[in-house]
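# Descriptive analysis of the structure
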Amino acid sequence: MAGLATTLGSGAMTNAIGELLGAEVILIFGSNPTEAHPVIGAQIRQARKRGAKLIVVDPRVIDLAHEAEIHLKVKPGTNVALLNALMNVIITEDLLDKEYVENRTEGFDELWSVVKGYTPEKVGPICNLDPEDIKAVARLYASGDPASIVYCLGVTEHSTGTTGVMSIANLALLCGNVGKVSGGVNPLRGQNNVQGACDMGAMPTDFSGYQKVANPEVIAKFEKAWGVELSNKPGLTSPQVFDAIAEGDIRFLYIMGENPMVTDPNLHFVEEMLKKVEFLVVQDIFLNETTELADVVLPATCFAEKEGTFTNTERRVQRIRKAVSAPGESRHDWEIVSQVMERLGLKNNFTSAKEVMDEVASLTPSYGGYSYERLDREQPQWPCPDKDHPGTPTLHVGKFARGERAIFKPSEYKPSAELPTEDFPLILSTGRMLYHYHSTTMTGRTEGIMNIAGEAYVEISPEDAIKAGIADGDRVKVSSPRGEIEATARVTEKLSKGVIYMPMHWPDGAVNWLTSSHVDPITHTPEYKVCAAKVAKA
Amino acid sequence: MHNVIIDGQSIEVEKGTTILKACEQLGIEIPTLCHLEHLAPEGSCRMCVVEVEGVQNLQISCATPCWDGMVVTTMNDRIRTFRSMIVELLLAHHDVDCFNCSAVGDCKLYQYAMEYGVEESRFDHIKKVPVKDESSDFFNYDPSKCILCRRCVRTCNELQSNGTLSLKKRGGDTFVSLPFDKLFKDSNCVSCGNCVSVCPTGALTTKASKTYRSWEVTRTRTTCSYCGVGCQMDLLVKNDKVVGVEPADGAPNKNLLCVKGKFAYNFINSPDRLTTPLIRKDGVLTPASWDEALDFVADNIKKVKDESGPDALAGFASGRVSNEDNYVFMKMMRSIGTNNVDHCARV
Ligand code: SF4
Ligand code: SF4
Ligand code: FES
């Protein structure tokens, strides 16, 4: 989410979910809300019933594409070219919000100097699109007052993810949609609390509330509060950690609540590194593919067994509450970690989750107004700096988080890091489906769900299926330069020729045995959306 | 603002407020069957009638806006008689085999029949309805229990916006059906269960509801642990086990859930849950005490830190656990002296 932080000063959803109902146009870009965020998907449909016009940009014919005014079946990996072309049309046809650009942004000339080269005629062939459709989308988006952009992993999970996000922000700024109720730039976060994990400083460069490790004042503040000496050297991102294990630089790894052995890209490499690291602690609620490699496994409690908070994709902090007892001797994650700290001579004296939140509030300006007492009554969105602050549904109203003006950060289009070859002629794109969540450790335990969605499948276009001699329902081998897995073929018009699609969830047939280790150079988000592949009958 | 007097109590309400809403604000309970939050009033069941001074007919409170100076009575003999007649009419079309109904205790029809003293119906009509549909993996549909409040139809069409359910007329009988009379499992139904959650009777019930009665469960308000929408929900607990989930009226979800939030809770009580720390001994994960396991972890942290410095350690927190868990985790890693803390996979 670094892209948004650069242009606007904050990387979160700029508007509240409920504001979608007031949008005139909703541009759904690389996101499949009816499957990945179903209740937001339902609200987008409600908005449409109230007259909002939908635009879908996605390589697949997702459900909402049937309800959209226009669907651009963009070739995976070419988002930046498309976004530049949309801006090219908006500027050439004089559809931009001039007053807004004048008063609230900087860098317009730089933007034009880049996007002027991206005429729809030039970009059409790159993205596999009709230039007229590109123009129509540009006009429709520009006509929306307000217009909201909803995007997801289809934008970020590319080696060019950050430039994609910045280009989306450019487009929204150009039409004056940022800082406006029912407008905005709205990334939908995948996991239930990935927003909260970022907010809490589970990031190598930031303490909680995006307070920078590189800022000496921040370090001084936390040193004083915690009574320890802290490092000001930015740490390693998770993909860098695996590289550092390869180099022998990281010897100890502690994984809390994740299953990288299904969800990380290029599982062969991940597996090798988890085996190689000298000491691996895994803390989770189930045994899984990652605990198999652990030296110590610590049993944690799940959301139904503990007090705490999650922060949703719209920055809303909401409580979870204990409903049932924890199984066996399992303990809360924060409790286990506190007990390790004690043994290291690091005191923190937390006796309840509530006390942890009190410390978060005292050291994190954007969370300053939260306490469990208040969250029982209301659930404001951050920034919520003090207990009387009502919270902030819409970001950047009147002023941007980064300062007076937002900045246009134009980018040139760069092809994906791994392109199809003669041996691997197809583009493999991965995603999520309605019935499952990440690795199937949680959803896989509900029988009804497994009845509906019990096994790995790969979607393939009729053209490519014929070429490979595959019929609907055949068992097939899907391979990439990194490996091979089996799945059931679903032949479908949903995809264009040359692109295949696999949901990520199932450990057997885990598509991440195939995906590459290419990452975005800034956020280190893996390129799950594009790798080279081929399909053959099993 | 309008000044209204309800049962002798006076209240100021905003323009456009319905009588029902004004009653809610005063804590006066009005029986409703077809009314649904977040949707335009349906006004079809007429259970919510009240008397308005100067107006001859009883008024449906869910759809009638207050006006300035309005004087409302919410209960008297006339209202009571009217409401009990409605219940009687509904019962005539309702299969009253309550012993075999999993909605017992949760059924609004049953509740109002008790409240209005309706023990049996003088009206007699055997409704010709289609057979039960038990094809869904998650819920059952019994048309003989349907009272035609249309809550499910409106929820599916206007809120979930999935367009699976509609009312159909055949002969003199109306019932809820799916396009082309399909079964749930063969339809475009996405198993969100939102129609089930709003059904006031036993017509739409979760399969799991057979295992509990509503008075046996406690409810705990919480946040769904699956995706980033953060839907608000109540966990229904019986004997220390989660037996069901009901949507709540939270800002992100306004009474909706998806199939994961509504039905995928079995993992909580799964026998496969980890219950004790495990330490790998001779290649095998072996149960250990907490002291052993925590010492083992701490000793290895110290060892690696002493030998190779704090940056030889790294930790991944998670987008699945709570803010509090993540905060304490990052505090630990940084206090050890390294900023090598991230959440996994950055997705
Ligand atoms: S479960 Fe959801 S989609 Fe299916 S009929 Fe009910 S409301 Fe409609
Ligand atoms: S109920 Fe569905 S949409 Fe809502 S938070 Fe849970 S997984 Fe997401
Ligand atoms: S609740 Fe008012 S008419 Fe049904």
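Residues numbered from 1 in each chain as written. Chains lettered and ligands numbered in written order. Predicted model: local features only at pLDDT ≥ 70, side-chain atom pairs only at ≥ 80, totals over all residues. Heavy atoms only, no water.

Now for the site of ligand 1. Every residue near ligand 1 is listed here: Phe139(B), Cys156(B), Asn162(B), Thr164(B), Leu165(B), Phe184(B), Cys189(B), Val190(B), Ser191(B), Cys192(B), Gly193(B) and Cys195(B). Across the shell around ligand 1, the residue classes break down as 8 nonpolar, 4 polar and no charged. (Near = heavy atom within 4 Å. Nonpolar A, V, L, I, M, F, W, Y, C, P; charged D, E, K, R; others polar.)

This part covers the site of ligand 2. Near ligand 2 you find Pro38(A), Val39(A), Cys224(B), Tyr226(B), Cys227(B), Val229(B), Gly230(B), Cys231(B), Leu257(B), Cys258(B), Lys260(B) and Gly261(B), and these make up its full shell. Ligand 2 is flanked by residues contributed from chains A and B. Put simply, the parts of the chain that give the shell around ligand 2 at least two residues each are α3 (38–49) of chain A together with α6 (259–263) of chain B. Looking at the shell around ligand 2, its residues break down into 9 nonpolar, 2 polar and 1 charged. (Helix = DSSP H or I, 4+ residues; strand = E, 2+ residues; numbered from the N terminus.)

Where strand β9 (residues 296–299) of chain A and strand β13 (residues 278–281) of chain B come together, 2 bridges link them in antiparallel fashion. Residue pairing across strands places Val297(A) opposite Leu278(B), the latter belonging to β13(B). The loop that links β13(B) with its antiparallel partner strand β14 (residues 284–287) of chain B comprises 2 residues; one of these, Asp282(B), has a positive phi angle of about 50 degrees. (Pairing = 2+ DSSP bridges.)

By a widespread convention, an interface's size corresponds to the accessible area lost as its parts come together. All names here are of chain A. The domain boundaries assigned to chain A delineate domain 1 (2–188), domain 2 (194–375) and domain 3 (426–537). Using only C-alpha atoms to locate each centre, domain 1 and domain 2 end up separated by 33 Å. Carbon and sulfur atoms make up 53% of the surface buried where domain 1 meets domain 2, a total of about 510 Å² over both sides. Taken together, the connections running from domain 1 to domain 2 amount to 0 salt bridges. Counting across the interface, domain 1 meets domain 2 through 4 residue pairs in polar contact (both at pLDDT 80 or more). For the side of domain 1 that touches domain 2, the per-class residue count stands at 7 nonpolar, 3 polar and no charged. (Domains from an automatic or database assignment. Buried area = accessible area lost by both parts, 1.4 Å probe. Salt bridge = Lys/Arg side-chain N within 4 Å of Asp/Glu carboxyl O. Polar contact = N/O pair within 3.5 Å; in protein donor to acceptor, adjacent residues only side chain to side chain.)

Here we come to the interface of chain B and chain A. Residue-level contacts link 105 residues of chain B with 149 residues of chain A. Roughly 10900 Å² is buried in total at the junction of chain B and chain A, and carbon and sulfur atoms are behind 61% of that figure. The interface formed by chain B and chain A contains 8 salt bridges. A salt bridge links Glu307(B) to Arg251(A), with the shortest nitrogen-to-oxygen separation between them at 2.8 Å. Counting the contacts that link chain B with chain A gives 58 residue pairs in polar contact (both at pLDDT 80 or more). For the side of chain B that touches chain A, the element with the most residues is helix α7 (residues 290–308) of chain B, which contributes 15 residues. Class assignment for the residues of the side of chain B that touches chain A results in 52 nonpolar, 30 polar and 23 charged. (Contact = heavy atoms within 4.5 Å.)

On to the pattern of salt bridges, then. Residue and element names in this part refer to chain A. In total, this model carries 39 salt bridges over all chains according to the counting rule given. Taking the shortest distance from any N to any O, the salt bridge between Asp-145 and Lys-180 comes out at 2.8 Å. Here Asp-145, found in the loop between α8 (131–143) and β5 (147–151), pairs with Lys-180, found in the loop between α10 (161–174) and β6 (185–187); they are 35 residues apart in sequence, far enough to count as distant. Residue Asp-206 is joined to Lys-212 by a salt bridge in which the shortest nitrogen-to-oxygen separation is 2.8 Å. Each of the salt bridges in this network shares a partner with another, and the network as a whole consists of Glu-307, Arg-319, Arg-321 and Asp-376.

All names here are of chain B. An order of β10-β11-β12 is seen for the 3 strands of this open sheet, with the pairing classed as antiparallel. The sheet is open, and its two edges are formed by β10 (218–223) and β12 (241–247), each paired on a single side. When strand polarity is set aside, the average angle formed by the axes of neighbouring strands in this sheet is 30 degrees. Bridge count for strand β11 (residues 232–238) against β12 is 6 bridges, and the pairing is antiparallel. Bridging from a neighbouring strand, Asp-234 pairs with Glu-246 of β12. (Axes fitted to C-alpha atoms, helices over the stretch in contact; angles between N-to-C directions.)

Taken in spatial order, the 7 strands line up as β14(B)-β13(B)-β9(A)-β8(A)-β7(A)-β15(B)-β16(B) in an open sheet, and their pairing is mixed. In this open sheet, the two edge strands, each paired with only one partner strand, are β14 and β16 (341–343) of chain B. Neighbour-to-neighbour, the strand axes of the sheet open up by a mean angle of 20 degrees, direction not taken into account. By the bridge criterion, 5 bridges tie strand β7 (residues 252–256) of chain A to strand β8 (residues 279–284) of chain A in an arrangement that is parallel. Counterpart to Met256(A) in the pairing with β8(A) is Gln283(A). Helix α13 (residues 238–247) of chain A rests against β7 of chain A together with β15 (313–317) and β16 of chain B of the sheet, and its axis sits at about 145 degrees to β15(B). Running over the sheet, α7(B) touches β7, β8 and β9 of chain A together with β13 and β15 of chain B and is turned about 130 degrees from β9(A).

Residue and element names in this part refer to chain A. Extensive coverage of strand β13 (residues 426–431) is indicated by the burial of 6 of its 6 residues. Taking every second residue as pointing to the same face, both faces of β13 are buried, with Leu-426, Leu-428 and Thr-430 on one and Ile-427, Ser-429 and Gly-431 on the other. Two strands pair when backbone bridges link them, and β13 and strand β18 (residues 531–537) are joined in this way by 3 bridges, in the antiparallel orientation. Looking across to β18, one finds that Leu-426 is bridged to Ala-533. Pairing geometry for β13 and strand β17 (residues 499–503), over 5 bridges, is parallel. If you follow Thr-430 over to β17, its bridge partner there is Met-502. (Buried < 20%, exposed > 50% of the residue type's maximum accessible area, 1.4 Å probe, protein only.)

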